[in-house]
Structure formats: structure tokens, C-alpha cells
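# Observations on chain architecture
Take a look at the letters that make up each chain.
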Amino acid sequence: MAKTCMTERELKRRATVEKFAAKREALIATINDQKASVEDRRVARQKLASLPRNASPVRLRNRCALTGRPRGVFSKFGIARNKLRDLMMSGQVPGVTKASW
């Protein structure tokens, strides 16, 4: 099980990304706008660089909702593979049956 601080840090990052999303979009649109002056685009690049690092969605990490495990997380369920297997074997995931042949 992951440390509590790691999962809390990830939640904090998600909140920061959400907070600065509109501002990042506007700055990126200005940077990519070919009709904008060179000076405006330079200022937009500086403002984008001055945003917090954790405001970038690239820094987000998918974690298991139950254990906080960072690897082997199924995005459809939001649960790591080993916990998903346990839930499937106990019959708590609807529509999944144990394979036998």
C-alpha cells in the first residue's frame, strides 16, 4: 500500500491542474496563434513558464483508488490489477466471470 502522503500529493496536484487549466489553455492558444505579435507570444511563454510546475497535467499519475499503487492501474475501473483480480474473484465486479475451459 502506498504512503498516504503520496496519494495526498496526487490529490493536491489534481486540484492545482484543475485550478490553472483555463489559464494554461488561454496562454497556449496565444503562443500558437500565428496572427499574434512576436512580443505577445513571448510574454505568453514567460507567463506559462511562471505557472506552478504542478499545474501541468503531464505531472499527474494514475493511482489505485483502494491502495494508491501507481502501476498496473486499469483506467476503466481506477483500481490496480491485483485488487481488481481480488474483487473479480469474489464476484463484486458485475459482468465478469471466472474463465474455465
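Basis of the calculations
- Residues numbered from 1 in each chain as written.
- Predicted model: local features only at pLDDT ≥ 70, side-chain atom pairs only at ≥ 80, totals over all residues.
- Heavy atoms only, no water.
- Disulfide = S-S within 2.5 Å.
- Core = buried A, V, L, I, M, F, W, Y, C linked by side-chain atoms within 4.5 Å.
- Buried < 20%, exposed > 50% of the residue type's maximum accessible area, 1.4 Å probe, protein only.
- Contact = heavy atoms within 4.5 Å.
- Salt bridge = Lys/Arg side-chain N within 4 Å of Asp/Glu carboxyl O.
- Helix = DSSP H or I, 4+ residues; strand = E, 2+ residues; numbered from the N terminus.

Let's shift gears to the state of the cysteines. A complete count under the given rule lists 0 disulfides for this structure. C64 provides the cysteine sulfur closest to C5, a residue in no disulfide bond, and the two sulfurs are 16 Å apart.

What follows covers the nonpolar core. The biggest cluster of nonpolar side chains holds 6 residues, and these are F20, L27, I31, A44, L51 and A55. If we ignore the near neighbours within four places in the chain, the residues touching I31 are R41, A44, R45 and L48. Among the nonpolar cores identified, the runner-up in size contains 5 residues, and I79, A80, L84 and V93 belong to it.

On to the pattern of salt bridges. Within this structure, the stated rule accounts for 2 salt bridges. Here R13 and E10 are joined by a salt bridge, their closest N and O atoms 3.8 Å apart. Of this pair, R13 and E10 both sit in helix α1 (residues 4-32), 3 residues apart, which is roughly one turn of that helix. Under the relative-accessibility criterion, R13 is labelled buried at 18%. As a salt-bridge pair, E39 and R42 come within 2.4 Å of each other at their nearest N and O atoms. Taken together, the positions of E39 and R42, both in helix α2 (residues 38-50) and 3 residues apart, correspond to about one turn of that helix. The partly exposed category is assigned to E39, whose relative accessible area is 43%. Assessed through its relative accessible area of 34%, R42 is described here as partly exposed.

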